[in-house]
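Fold and contact review
So you can see what is in the structure, the chains are spelled out below.
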Amino acid sequence: QVQLVESGGGWVQAGGSLRLSCAASGRPFSWYGMGWFRQAPGKEREFLTAISRTGTSTNYADSVKGRFTISRDNAKNTVYLQMNILKPEDTAVYYCAAESLPGIWDLPPPTPGLWDYWGQGTQVTVSS
């Protein structure tokens with residue numbers, strides 16, 4: 001089992017920045033590709049970004065490309081999401097997720113149902 005705990009959410013004005021953290025415990029962190037998703041009220045859970053086991057590979061949804069950056073620190077068992085130039089439409093509950101991967105450069109899929117573990121989520125609210 002892997003336990004994931006997000007932090008860093010909150011309220012910010014449009015154009016501002018936030019940095020989310022997700023601390024993992026349980027099985028070795030380096031076994032897992034990591035990712036961030038979000039879910040707004042009445043909408044499906046949306047893939048944002050993923051990072052490979054060693055951090056050498058990343059991918060992003062078009063909606064956040066150029067504004068959000070994912071990174072990880074395997075020594076601290078933590079994955080981060082730096083969010084810049086935030087917009088009101090970024091308002092949602094943000095979730096981190098983990099998926100075990102065989103290759104160190106592999107990226108997890110963008111489909112929520114294929115991920116192994118989820119955090120409880122952290123609310124991000126962007127006001128206009």
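Below: a short report on this structure. (Residues numbered from 1 in each chain as written. Predicted model: local features only at pLDDT ≥ 70, side-chain atom pairs only at ≥ 80, totals over all residues. Heavy atoms only, no water.)

1. Structural notes on the pairing of strand β3 (residues 18–26)
What counts is decided by this rule: In this analysis, strands are considered paired if DSSP registers two or more bridges between them. Secondary structure elements follow DSSP: runs of H or I of four or more residues count as helices, runs of E of two or more count as strands, with numbering from the N terminus.
Examined bridge by bridge, strand β1 (residues 2–7) and β3 share six bridges and lie antiparallel to one another. Paired with Leu4 across the strands is Ala24, a residue of β3. Bridge analysis of β3 against strand β8 (residues 78–83) gives six bridges, and the strand direction is antiparallel. What sits directly across from Cys22, in β8, is Val79.

2. Quick notes on the nonpolar core
We count it as follows: In this description, a nonpolar core means a group of buried Ala, Val, Leu, Ile, Met, Phe, Trp, Tyr and Cys residues linked to one another through side-chain atoms lying within 4.5 Å. Each residue is assigned to one of three classes by its accessible area relative to the maximum for its type, calculated with a 1.4 Å probe on protein chains only: buried under 20%, partly exposed between the two thresholds, exposed over 50%. Throughout, a contact is declared for two residues whenever any of their heavy atoms are within 4.5 Å.
Formed by 34 residues in total, the largest nonpolar core has its most connected members in Leu4, Met34, Trp36, Met83 and Tyr94. Mapped by element, the contributors of at least two residues to this core are β1, β3, β4 (32–39), β5 (46–51), β7 (68–73), β8, β9 (92–100) and β11 (122–127). It is β9 that contributes the most residues to this core, five residues altogether. Those residues in contact with Met83 that sit more than four places away from it in its chain are Gly16, Ser17, Leu18, Leu20, Arg67, Phe68, Tyr94 and Val124.

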